Amino acid sequence: MNIFADIILASLVIINLRLAGSSRLGTLIRAVALQGFFIGLLPLIFTGGEHWGITLINIAVKGVLMPIMLTYAMKKTNTKRELEPLVGCGKSVAIIFAITLMSFYFCEARHIEAEIATRLAVPLAFTTIATGLFLIISRRKAITQVIGFLVFENGVSIFGASIAMEYGLLIELGILLDVFVLVFILGIAIYDISRTFSSIDIDKLNHLGDRGHIHLRRH
């Protein structure tokens, strides 16, 4: 079983690099959907086929529902790509690759193996969490930042699945439902912002807020 888990976890390295290196929202949504599908399989693999219910819920929410919501928000806001990220795509790939290497080096140096289903789980969890945080910090579009939040949660899910304990899986399921509600609310917020303003670029909205403060101070 660990062989299949290792193949899935190794594929997450490629997906994380793809998330960092693409500016097209459609590509990012498909990548996070594939990532969610793979991570949804981990509880089933780690527990020897004992958690079909959690696996189906994970795949349905992470791999289907959330990507559908993000695609809907992308179409409604008419946003196709991240045009001016704070960090370019090439540099982003280099940064995530460096974080991946550091995560493996740190975990090997600390000998983090106790109660972990496979040695790849912890460094890949660190890397996926870091990738999510990086997308949140380095991207301007609200939809891309929501994708970053989902990637961050996927990293947390790797931790929960790799422990392969019943209560850990229940906690993971609770977090998953909270994230689903949050993404649903964020999708509504992005759509409302796009109807009110001409852009969902976070920097432009911040500048709009700064101008409002300056205007109030003058009066």
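Structural data are supplied above this passage.
Residues numbered from 1 in each chain as written. Predicted model: local features only at pLDDT ≥ 70, side-chain atom pairs only at ≥ 80, totals over all residues. Heavy atoms only, no water.

Draft legend 1. Structural view of the overall build of the chain. For the chain, the helix and strand inventory stands at eight helices and zero strands. Of the regular secondary structure in the chain, the N- to C-terminal order runs α-α-α-α-α-α-α-α. Taken over 219 residues, the chain has a buried fraction of 45%. Relative to all contacts within the chain whose residues are 6 or more apart in sequence, the contacts with residues 24 or more apart total 73%. In the form shown here, the chain has an accessible surface area of approximately 11,700 Å², with 67% of it arising from carbon and sulfur atoms. (Helix = DSSP H or I, 4+ residues; strand = E, 2+ residues; numbered from the N terminus. Buried < 20%, exposed > 50% of the residue type's maximum accessible area, 1.4 Å probe, protein only. Contact = heavy atoms within 4.5 Å. Areas by Shrake-Rupley, 256 points an atom, 1.4 Å probe, with all protein chains shown as cover.)

Draft legend 2. Main features of the packing of aromatic side chains. What the rule picks out here adds up to two aromatic pairs. With centroids separated by 6.0 Å and ring planes inclined at 55 degrees, the aromatic side chains of Phe37 and Phe38 adopt a geometry described as tilted. The class for Phe37 is partly exposed, based on a relative accessible area of 35%. Judged by centre distance (6.3 Å) and plane angle (85 degrees), the ring pair of Phe106 and Phe126 falls under edge-to-face. Here Phe106, found in helix 4 (residues 89–110), pairs with Phe126, found in helix 5 (residues 121–138); they are 20 residues apart in sequence, far enough to count as distant. Overall, Phe106 belongs to the partly exposed group, its relative accessible area being 38%. (Phe/Tyr/Trp six-rings, centres within 6.5 Å; stacked < 30°, edge-to-face > 60°.)

Draft legend 3. Summary view of helix 4. Taking 1.5 Å as the rise per residue, helix 4 with 22 residues should run 32 Å; its terminal C-alpha atoms sit 31 Å apart, in good agreement. Buried within helix 4 are the following residues: Ser92, Ile96, Thr100, Ser103 and Cys107. Across the axial projection of helix 4, the buried residues extend over an arc of 80 degrees, all falling on one side. Of the residues in helix 4, the exposed ones pointing more than 90 degrees away from the buried face are Gly90, Lys91, Leu101, Met102 and Tyr105. Buried residues belonging to helix 4 abut helix 1 (2–21) and helix 5. (Expected span 1.5 Å × (residues − 1). Arc of directions from axis to C-beta.)

Draft legend 4. Inspection of the environment of Ala20 at higher detail. Secondary-structure assignment places Ala20 in helix 1. Between the C-alpha atoms of Ala20 and Val93, which are 73 residues apart in sequence, the distance is 5.4 Å. When residues no more than four places from it in sequence are discounted, the contact partners of Ala20 are Cys89, Ser92, Val93, Ile96 and Arg139.

Draft legend 5. Molecular detail of the packing of helix 1 against helix 5. Where helix 1 meets helix 5, the axes come as close as 10 Å, and the angle between the chain directions of the two elements is 15 degrees. Taken together, the axes of helix 1 and helix 5 are roughly parallel relative to one another. Crossing handedness for the pair helix 1 and helix 5: left-handed. Of helix 5, the residues touching helix 1 (which contributes Leu9, Leu12, Val13, Asn16 and Leu19) are Ala121, Leu124, Thr127, Thr128, Thr131 and Leu135. Residues that form the contact of helix 1 with helix 5 fall into these classes: seven nonpolar, four polar and no charged. (Axes fitted to C-alpha atoms, helices over the stretch in contact; angles between N-to-C directions. Parallel < 35°, antiparallel > 145°, perpendicular 65-115°, else oblique. Left-handed = near helix turned anticlockwise from the far one by under 90°. Nonpolar A, V, L, I, M, F, W, Y, C, P; charged D, E, K, R; others polar.)

Draft legend 6. Structural detail: the pattern of salt bridges. Enumeration over the complete set of coordinates arrives at one salt bridge. With a shortest N-O distance of 2.4 Å, Glu153 and Lys62 are connected by a salt bridge. Of this pair, Glu153 sits in helix 6 (residues 142–163) while Lys62 is found in helix 3 (residues 52–77), placing the two residues 91 residues apart along the sequence. Considered together, Glu153 and Lys62 belong to a single accessibility category, that of buried residues. (Salt bridge = Lys/Arg side-chain N within 4 Å of Asp/Glu carboxyl O.)

Draft legend 7. Representation of helix 1. For helix 1, built from 20 residues, the straight-helix expectation of 28 Å at 1.5 Å per residue is met to within 8% by its first-to-last C-alpha distance of 29 Å. Residues of helix 1 that are buried: Ala5, Ile8, Leu9, Ser11, Leu12, Val13, Ile15, Asn16, Leu19 and Ala20.

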